[in-house]
Amino acid sequence: MAEHASSYRANGDNGDEGNTEGDLNAWKHRAPYKVHDSDPNFHARYEASCHCGKIRYQLSREKPLDSKYCHCTTCQKLHGAPFQWAAIFHKEDINFTHGHSDLGWYESSEKTTVHKLPCKVSCAYCRTPIMDEGRNMILLFPTLINFKSPEDRKNFDPSCHMFYTRRILDINDGKPKWSGISNDSELIEDSPEQDKKRKREEDAAEGNDKKS
């Protein structure tokens, strides 16, 4: 992939402006940013891009490990939307085909633009949110994917809602509604009864384990 120098400052505070070598650019050679051009085991299944097109990437996995709606206030503020739609992938599942020098980072707890995990990744030009990079996984935003069929789009159907107590609007879709992180908080609102029952049984079993 050809790198190019930008006329604006990208990549947070590292100021590499298109270079690929040096300690400050080591991230470019590690997943999820390393390029898979010479990897015969990487088979592109989807293509995606930011709004301006400077950032483009491929995905090799047919279905995400999970897909969720998040209603936390951080997502609301950073995305400027009532909630965030995120799909979970392994870091090796993504291949950036364009835009290494056009990425910007933001670590929300310290409010720093240095690449520090976990962090938010966006296009440094049009500011489109690209993903959340965690220590082990990445959260991608399916609205950036150029789906070629309804079947492809269905592969990304969300399994649940998280932080639903902080919602801006009610969504009566019958999917499980968690008060906080999924599977680690209370099921609320119109969550399917079988999911509520399963959660009560898991909590009871966990309580019995602690007593024994």
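The structure this text deals with has already been given above.
This structure is a prediction, so every number in the text was calculated from the model and none was measured. (Residues numbered from 1 in each chain as written. Predicted model: local features only at pLDDT ≥ 70, side-chain atom pairs only at ≥ 80, totals over all residues. Heavy atoms only, no water.)

(A) Focus on the nonpolar core. Core analysis: the largest hydrophobic core is formed by 28 residues, its most contacted members being Tyr57, Phe96, Ile130 and Met131. Secondary-structure elements contributing two or more residues to this core are strand E1 (46-49), strand E2 (56-59), strand E4 (84-90), strand E5 (94-98), strand E6 (103-106), strand E7 (119-123), strand E8 (129-133) and strand E9 (137-140). Ignoring anything within four residues of it in the chain, the contact list for Tyr57 reads Tyr46, Glu47, Ala48, Ile94, Asn95, Phe96, Thr97, Ile130, Leu140, Phe141, Leu144 and Ile145. Ranked by size, the runner-up nonpolar core spans 8 residues in total, among them Cys70, Cys72, Cys160 and Met162. (Core = buried A, V, L, I, M, F, W, Y, C linked by side-chain atoms within 4.5 Å. Buried < 20%, exposed > 50% of the residue type's maximum accessible area, 1.4 Å probe, protein only. Helix = DSSP H or I, 4+ residues; strand = E, 2+ residues; numbered from the N terminus. Contact = heavy atoms within 4.5 Å.)

(B) Molecular detail of unusual backbone geometry. Backbone torsion omega between Ala31 and Pro32 reads 10°, so that peptide bond is classified as cis. Of note, Pro32 is situated in the segment before E1. Across the junction of Leu117 and Pro118, the peptide omega takes the value -10°, indicating a cis bond. Phi is positive for Lys111, close to 55°, though the residue is something other than glycine. Along the chain, the position of Lys111 falls in the loop between E6 and E7. Residue Lys111 is classed as exposed on the basis of its relative accessible area of 61%.

(C) Representation of the sheet that holds E5 within the structure. Spatially, 3 strands are ordered E1-E2-E5 in an open sheet, and the strand pairing comes out antiparallel. The open sheet has two edge strands, E1 and E5, and neither has a second partner. The sheet shows a mean angle of 25° between the axes of neighbouring strands, direction not considered. The pairing of E1 with E2 spans 4 bridges and is classified as antiparallel. Residue pairing in the sheet places Ala48 in a bridge with Tyr57 of E2. (Pairing = 2+ DSSP bridges. Axes fitted to C-alpha atoms, helices over the stretch in contact; angles between N-to-C directions.)

(D) Fine view of the side chain of Asp152. In this structure, Asp152 sits in helix H2 (residues 150-154). The exposure class assigned to Asp152 is buried, which follows from its relative accessible area of 9%. Apart from residues lying up to four places away in sequence, Asp152 is in contact with Arg45, Tyr46 and Phe147.

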